[in-house]
Amino acid sequence: MTEPTEFLIENASLVLPDRVVEKGWVAVVDGKIAEIGEGNAPERGLDFAGDYLVPGLVELHTDHLEAHFAPRPHVRWHALSSVMAYDAQIAAAGITTVFDSLRAGSDADSISIGTDLAVLASAIEAARATGHLRVDHRTHLRCEIACGDVIEHVEAYAALYPVHMMSLMDHTPGQRQFKDLETWRRYYMRKKPMTDEAANSFIANRLELHANNAGPNRLKLVTIAGKAGAVLASHDDATEAHAAEAVGNGVALAEFPTTIEAAVALNQAGISVMMGGPNVVRGGSHSGNVAAEELARAGVLDILSSDYVPASLLMSAFELPRRIPSIDLASAIRTVTQTPARATGLADRGALEAGLRADLVRVHVSGRDSESPTPIVRRVWREGHRVS
Ligand SMILES: [Fe+2]
């Protein structure tokens, strides 16, 4: 890259970890934040004209690569081209650190199965090796514990590449996200219509896989995560028993708990609770579970994730203070920056603080005084390099 990594930003609203400075400046040297000040800058720099400066966002669970790689049910797009398009979209959403959520374990209704994991992993590595990635990509393996081949997939991946995060998922009908079979039927019939007979045999098959595999695979995956040094996440916890199981497995963060009871129990156990940005923006869960806003009001929401819409990460962080007066903008921005960085052991980023990476986002709020203000990403830097 040829652009200088030494520059000054002035006349910006700085979103610091604990407060917003209405007018301030930031000096960047060698890809790091060198100095932060309030009021007029010591010399002229890039004039933000009052726009917000927020730290680069940290995204822990996005499956958006699949949208580029499998744009139609039976189509697989060119892998490297998919990675580059996904990377560009992630950067344009203000995200500078992304955990690519790759499915491990063949799933009868999944779009990314079997050898696709290896294909995507090698495409990401190829893009990284040539220095073409805008965003810092890390790996989150989404392990479907009821699948017969999940251990094989994870071991094959871990033999070749670092694994930074693993989540233990169980989407068996009647479990967690689909706590009763009717919820599952409603959700899947909309996604993939089938006859009652086909649905019954699909359910019977999934229940059998669950009975045979879920218990032993969970324990094996916990051991693999320990060896790989991966942060462990639980997924769709629905009950206090699920929260206790997460504690027993050494889980650090809980993705998308489906009830307030589970979220409160996880919070009390010191596990970070993560919910979806689309859930906040849309005002509820797409599969009928607890609203992220309800957890935020109860003070048990720590992290937001863009889940299936990259742009929702910044939007949801700006939306929280509008919905919940006790949450200010600085706290809301922490849910998409500092808290996910800390939960995954990344101490060098996630805040506007001297000495940290200059991962920076210029945000203009369109229609600031209107009914529905919309944050727009205008520029993004990763370690001082402009990436969007
Ligand atoms: Fe889920």
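Residues numbered from 1 in each chain as written. Predicted model: local features only at pLDDT ≥ 70, side-chain atom pairs only at ≥ 80, totals over all residues.

## Comments concerning the environment of Asp149
Its location among the elements puts Asp149 in the loop between β8 (136-144) and α4 (150-160). Considered as a pair, Asp149 and Val75 are 74 residues apart in the sequence and their alpha carbons are 23 Å apart. When residues no more than four places from it in sequence are discounted, the contact partners of Asp149 are Gly105 and Ser106. (Helix = DSSP H or I, 4+ residues; strand = E, 2+ residues; numbered from the N terminus. Contact = placed C-beta atoms within 7 Å.)

## Quick look at the sheet that holds strand β10 (residues 231-235)
Here we have eight strands laid out as an open sheet, ordered β6-β7-β8-β9-β10-β11-β12-β13, and parallel in their pairing. Every other strand in the sheet has two partners, leaving β6 (57-62) and β13 (303-305) as the edge strands with one partner each. Taken over all neighbouring pairs, the strand axes of this sheet differ in orientation by 25 degrees on average, direction set aside. Relative to strand β12 (residues 272-276), strand β11 (residues 253-255) runs parallel, the two sharing three bridges. Each residue of the ladder has a partner; that of Ala254, found in β12, is Val273. (Pairing = 2+ DSSP bridges. Axes fitted to C-alpha atoms, helices over the stretch in contact; angles between N-to-C directions.)

## A short note on the domain arrangement of the protein
Each assigned domain of the protein is listed with its residue range as follows: domain 1 (1-54 + 350-388) and domain 2 (57-348). The interface of domain 1 with domain 2 comprises 20 residues on the first partner and 23 residues on the second. The set of elements that each furnish at least two residues to the side of domain 1 that touches domain 2 consists of β14 (360-366) and β15 (374-382). Element by element, the count of residues in the side of domain 1 that touches domain 2 is highest for β15, at four residues. In the side of domain 1 that touches domain 2, the residues fall into 13 nonpolar, two polar and five charged. (Domains from an automatic or database assignment. Nonpolar A, V, L, I, M, F, W, Y, C, P; charged D, E, K, R; others polar.)

## Here's the deal with the packing of α4 against helix α6 (residues 196-228)
Close contact between α4 and α6 brings their axes to 10 Å; oriented N to C, the two are set at 10 degrees. Taken together, the axis directions place α4 and α6 in an arrangement best described as roughly parallel. Residues Val150, Ile151, Val154, Glu155 and Ala158 of α4 touch α6, and the partners they reach there are Asn217, Lys220, Leu221, Ile224 and Ala228. Of the residues in the contact of α4 with α6, the class split is seven nonpolar, one polar and two charged. (Parallel < 35°, antiparallel > 145°, perpendicular 65-115°, else oblique.)

## Description of the packing of helix α2 (residues 79-92) against helix α3 (residues 116-129)
Taken N-terminus to C-terminus, the directions of α2 and α3 make an angle of 65 degrees; their axes are 9 Å apart at the nearest point. Where α2 crosses over α3, the handedness of that crossing is right-handed. Residues Ala79, Leu80, Val83, Met84 and Asp87 of α2 lie in contact with α3, whose contacting residues are Val119, Leu120, Ala123, Ile124, Ala126 and Ala127. Here the residues of the contact of α2 with α3 sort into 10 nonpolar, no polar and one charged. (Left-handed = near helix turned anticlockwise from the far one by under 90°.)

## Quick notes on the nonpolar core
Counting residues in each nonpolar core, the largest one holds 101 residues, and the members touching the most others are Leu53, Cys143 and Val273. When residues of this core are assigned to domains, at least three fall in each of domain 1 (1-54 + 350-388) and domain 2 (57-348). If we ignore the near neighbours within four places in the chain, the residues touching Leu53 are Ile9, Ala12, Ser13, Leu14, Val15, Val26, Phe48, Leu352, Leu360 and Arg362. (Core = buried A, V, L, I, M, F, W, Y, C linked by C-beta atoms within 7 Å. Buried ≥ 20, exposed ≤ 12 C-beta atoms within 10 Å, placed from the backbone.)

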